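Chain by chain, the residues:
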Amino acid sequence: MNRTKSKKLFDRAKKVLPGGVDSPVRAFRAVGGTPLFVSRGAGDTLEDADGNRYIDYVMSWGPLILGHARKEVVKAVRKAAEKGLSFGAPTGRETRLAEAICGASGAEMARLVNSGTEACMSAIRLARGFTGRDKIVKFEGCYHGHSDGLLVKAGSGCLTGASPDSAGVPAAYAKETLVADYNDIGSVKALFEANKGRIACVIVEPIAANMGVVPPAEGFLQALRDVCSREGALLVFDEVITGFRAAYGGAAALYGVMPDLFAFGKIVGGGMPLAAYAGRREIMECVAPVGKVYQAGTLSGNPVATAAGLKTLEILRKHGEEIYPALEEKGALLEKAYREAGVPVNRVGSLLTPFFSKKAPACYADVQKCDLPAFAKYFSRMLQAGIYVAPSQFEAMFVSAAHTREHIYKTCAAVRRACEGLL
Ligand code: HOZ
């Protein structure tokens, strides 16, 4: 496969963009080689600058549950853009999107923001403002965006090139973030015991997906709910990845556990920069201008982004009965292919990660045992076969409604070849 143009574009990018990218994992540092410079996407396929085509399982890291450039979404974006790109004043579409988010999740109010980082950061500030407490609990290997207090033992790109504890985060901030072990309720209870009346919230990815996919152990989310309720702390579900994917109502609906606050991103913006935090009215009414927790944004509720988000949610709501079972079926076919190739895999619906390890991880300590050179070899064999998976062991594969059965079968065959001799 010739990637001359991607290589040239990367060399040029490296002169003006740190690492040649605008988000670290994209730089391929965990797997080696040159990142694909993308020229277009259609359905389940990406085309790079050299004209090579790939079946895409990165899918922009999750937003594209309907595939690249879904025509109804593009049409809605075009129509909105023709009427103005940004107003910095309210539009009816923002209300409709907030209604759709609340309708799906059971939240009573939502605030639209621009990124998952912003949604999580704002939810944390709100939890602190509401409870009058400073400390928060997060889990090792969970990633909630790059705000200061959440870059502590973080997942995603922090697990490869960078460090789970970023430079530049003041120690005084990091001290307010307590770290527990995912799927270990005992570690959470111990933190509450040692910090009586000082913990504002527990933030969790209800299905961890930034250390690779690690599903919650049976009863774990309910136990978190119980501890938070008992201790007067808020439970925050970071559903940036799982919202509208694990089910239309997200992981909360799938597992039947209701948090106090949600953070949404990715799918909720239909591929445009849009995210939201949402929750119970009495909590959300602490946000300015009603309450004293300040948060604002020039591009918040952007008219073009809300058009993409609304159309995406509308399609998912109307056609969910076909879309979600089909995603489950395609995810299951891929899971089977990895298992048959001898590679353990964790999967929830259309989210999955094959782990180059002896067993499928149940916690962060398990994840650390993965054979990263084996993953890198698998990645480059897949790419060579025209299949683009995330360039890191610690990310998810995203299946979309646009993945054709033919491409899923082609991927399954490639998996068998790519995994040969690696474990
Ligand atoms: N942090 C996201 C992955 N878990 C996004 C990575 C990217 O866009 O490069």
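Remember, it's a predicted structure, so these values are computed and weren't measured experimentally. (Residues numbered from 1 in each chain as written. Predicted model: local features only at pLDDT ≥ 70, side-chain atom pairs only at ≥ 80, totals over all residues. Heavy atoms only, no water.)

Q: Any chance you could explain the environment of Cys 158 here in plain terms?
A: Residue position: Cys 158 is located in the loop between strand S5 (135-139) and helix H5 (171-174). Of the residues examined, Cys 158 reaches a relative accessible area of 11% and is grouped as buried. The spacing of Cys 158 and Val 25 is 133 residues in sequence and 8.9 Å in space, taken between C-alpha atoms. (Helix = DSSP H or I, 4+ residues; strand = E, 2+ residues; numbered from the N terminus. Buried < 20%, exposed > 50% of the residue type's maximum accessible area, 1.4 Å probe, protein only.)

Q: Looking at this structure, I do not really get a positive patch on the surface. What am I missing?
A: On the surface, Lys 71, Lys 75, Lys 79 and Lys 83 cluster together into a positively charged patch. Tracing the backbone through its elements, the reader meets Lys 75 in helix H2 (residues 71-82). For Lys 75, a relative accessible area of 60% gives the class exposed. (Patch = residues over 30% accessible without salt bridge, like charges linked within 9 Å, V, L, I, M, F, W, Y side chains within 5 Å. Areas by Shrake-Rupley, 256 points an atom, 1.4 Å probe, with all protein chains shown as cover. Salt bridge = Lys/Arg side-chain N within 4 Å of Asp/Glu carboxyl O. Lys, Arg positive; Asp, Glu negative; His and termini not counted. Charge placed at Lys NZ, Arg CZ, Asp CG, Glu CD.)

Q: Got a minute to help me understand the nonpolar core in this structure?
A: Nonpolar side chains in soluble globular proteins tend to end up buried together. In terms of nonpolar packing, the biggest core is built from 98 residues, with Ile 101, Phe 139, Phe 244, Leu 313, Leu 316, Tyr 338 and Tyr 378 touching the most fellow members. A total of 13 residues in this core trace back to one element, the largest contributor, which is helix H10 (residues 303-340). Apart from the residues lying within four places of it in its own chain, the contact partners of Phe 244 are Ile 65, Ile 101, Ala 104, Gly 250, Phe 264, Ile 267, Val 268, Leu 313, Leu 316 and Tyr 324. With 23 residues, the next largest nonpolar core counts Ala 127, Leu 234, Leu 261 and Ile 283 among its residues. (Core = buried A, V, L, I, M, F, W, Y, C linked by side-chain atoms within 4.5 Å. Contact = heavy atoms within 4.5 Å.)

Q: Looking at this structure, how should I read the sheet that holds strand S9 (residues 261-264)?
A: Strands pair in a sheet through their backbones, by hydrogen bonds, and they do so in one of two ways: parallel or antiparallel. Spatial ordering of the open sheet is given by S4-S10-S9-S8-S7-S5-S6, a layout of 7 strands whose pairing is mixed. At either margin of the open sheet sits one strand with a lone partner, and together these are strand S4 (109-113) and strand S6 (177-180). This sheet shows a mean twist of 20° between the axes of neighbouring strands, independent of strand direction. In this sheet, strand S7 (residues 199-204) lies alongside S5 in parallel orientation, the contact comprising 3 bridges. Residue pairing for S7: Ile 136 is matched across the bridge by Cys 201. Here helix H3 (residues 92-105) sits on the sheet and contacts S4, S9 and strand S10 (275-279); the angle it forms with S4, its principal contact strand, is near 125°. Relative to strand S8 (residues 234-239), helix H7 (residues 220-231) is tilted by about 145°, and along the sheet it contacts S5, S7 and S8. (Pairing = 2+ DSSP bridges. Axes fitted to C-alpha atoms, helices over the stretch in contact; angles between N-to-C directions.)

Q: Explain unusual backbone geometry here, please?
A: Negative phi values dominate among residues other than glycine, just as trans dominates among peptide bonds. Residue Pro 289 follows Ala 288 across a cis peptide bond; omega there is 15°. Checked against the element boundaries, Pro 289 lands in the loop between helix H9 (281-284) and H10. A positive phi angle, near 50°, is found at Met 59, a position not held by glycine. With respect to the helices and strands, the residue Met 59 is situated in the loop between strand S3 (53-56) and H2. In the Ramachandran plot, Ser 60 falls in the positive-phi region, its phi being about 60° despite a non-glycine side chain. In this fold, Ser 60 is placed in the loop between S3 and H2.

Q: Looking at this structure, I do not really get the site of the ligand. What am I missing?
A: Around the ligand, the neighbouring residues are Ser 23, Arg 26, Trp 61, Tyr 143, Ser 156, Asn 210 and Glu 395. Within the side chain of Ser 23, a nitrogen or oxygen atom sits 3.1 Å from an oxygen atom of the ligand. Partitioned by chemical class, the residues of the shell around the ligand number 2 nonpolar, 3 polar and 2 charged. (Near = heavy atom within 4 Å. Polar contact = N/O pair within 3.5 Å; in protein donor to acceptor, adjacent residues only side chain to side chain. Nonpolar A, V, L, I, M, F, W, Y, C, P; charged D, E, K, R; others polar.)

Q: So what exactly am I meant to see when it comes to the packing of aromatic side chains here?
A: The relation between two aromatic rings is expressed through the spacing of the ring centres and the mutual angle of the planes. Applying the stated criterion across every chain yields a total of 13 aromatic pairs. Seen in terms of ring centroids, Phe 28 and Phe 379 are 5.1 Å apart; in terms of plane orientation they differ by 90°. Their pairing is edge-to-face. Of this pair, Phe 28 sits in the loop between helix H1 (4-16) and strand S1 (38-42) while Phe 379 sits in helix H12 (residues 372-384), and the two are 351 residues apart along the sequence. (Phe/Tyr/Trp six-rings, centres within 6.5 Å; stacked < 30°, edge-to-face > 60°.)

None of this, on its own, says anything about what the molecule does.
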